[in-house]
Amino acid sequence: MRKMLPKQGESHITRYLEEALKEVGWRYEDLTHIACIAGPGGFVSVRVGITMANVLSHFLGTSLAGVHLSELWEARVSSPYSLPVGEGFYWLHSTRRTQLFIRNLCPSGRSACHPQSDILKYSEPVLIDLEEAATLEGAYVGELIEEHRKALPGCTPVSPSSIKALEEVLPSFLSKLSYKQEQLLPWYGREA
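Residues numbered from 1 in each chain as written. Predicted model: local features only at pLDDT ≥ 70, side-chain atom pairs only at ≥ 80, totals over all residues. Heavy atoms only, no water.

Participant: Looking at this model, I keep getting lost on the pairing of strand 2 (residues 63-68). Mind explaining?
Facilitator: Each regular strand shows side chains that alternate between the opposite faces of the sheet. Of all six residues in strand 2, five are buried, a share of seventy percent or more. Relative to strand 2, strand 1 (residues 33-39) is paired through six bridges, and the arrangement is parallel. Bridge assignment links Ile 37 to a residue of strand 2, and that residue is Val 67. Taking the sense of rotation as the criterion, the β-α-β connection linking strand 1, helix 2 (residues 43-60) and strand 2 turns out right-handed. (Buried < 20%, exposed > 50% of the residue type's maximum accessible area, 1.4 Å probe, protein only. Helix = DSSP H or I, 4+ residues; strand = E, 2+ residues; numbered from the N terminus. Pairing = 2+ DSSP bridges. Right-handed = clockwise from strand over helix to strand, strands pointing away.)

Here it is, written out as structure tokens:
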């Protein structure tokens, strides 16, 4: 089941969760694990999601897993994909007018990416200036505002046919996460 929440839907997150549980015939007590996007995202959205996950985990005694948005994008790209073998691609995410987040991804595993490739420079998600991003070349997945897309002439989106639907990847993706009984912290990737 996939349900899109309205913009600024955070204030009704409990109601949406209860509706989703009811739709599949579950109760809160049926939840055994909780996964939550830890970032990046809107400041309030990330805080509300993390807080809700932490509260549920505490009261239900369930384990938690925080997910970086780039990990979910990496799981969605089909392999083999439309890039040459051994070549990775970027996850890009617009954040501020002059900055964006970047991480290199390689569905075959990081060791399979070409060692001379500049794409390996960003093995962890980091915040870079648009000026630095404008020098990038290669394929990407993620969410870019129009202004950023225009400023990155050397970057092209991975073919939509190479991107799997969330419903297709989530069961396997969620089963591979490391769940712990400790509070999640939001990931902002910069000083707030």
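Back to the write-up after that little detour.
Participant: I tried to follow the nonpolar core on my own but got confused; where do I start?
Facilitator: The nonpolar side chains of soluble globular proteins are, as a tendency, buried together. Counting 13 residues, the largest nonpolar core has Tyr 90, Leu 92, Leu 100, Ile 102, Ala 133, Leu 136 and Leu 152 as its most contacted members. For this core, the secondary structure elements donating two or more residues are strand 3 (89-96), strand 4 (99-105) and helix 4 (130-133). Those residues in contact with Ile 102 that lie beyond four places of it in its chain are Tyr 90, Trp 91, Leu 92, Tyr 122, Glu 124, Pro 125, Val 126, Ile 128 and Leu 136. One finds Cys 36, Leu 64, Leu 184 and Tyr 188 within the second-largest nonpolar core, a separate group that totals 11 residues. (Core = buried A, V, L, I, M, F, W, Y, C linked by side-chain atoms within 4.5 Å. Contact = heavy atoms within 4.5 Å.)

Participant: I'm lost on the sheet that holds strand 4 in this one. Help?
Facilitator: Hydrogen bonds between backbone atoms are what pair the strands of a sheet, whose relative direction is either parallel or antiparallel. Taken in spatial order, the five strands make up an open sheet running 5-4-3-6-7, and their pairing is mixed. With one partner strand each, in any of the chains shown, strand 5 (126-129) and strand 7 (155-157) form the two edges of the open sheet. Taken over all neighbouring pairs, the strand axes of this sheet differ in orientation by 45° on average, direction set aside. As paired elements, strand 3 and strand 6 (residues 138-143) share four bridges and run parallel to each other. (Axes fitted to C-alpha atoms, helices over the stretch in contact; angles between N-to-C directions.)

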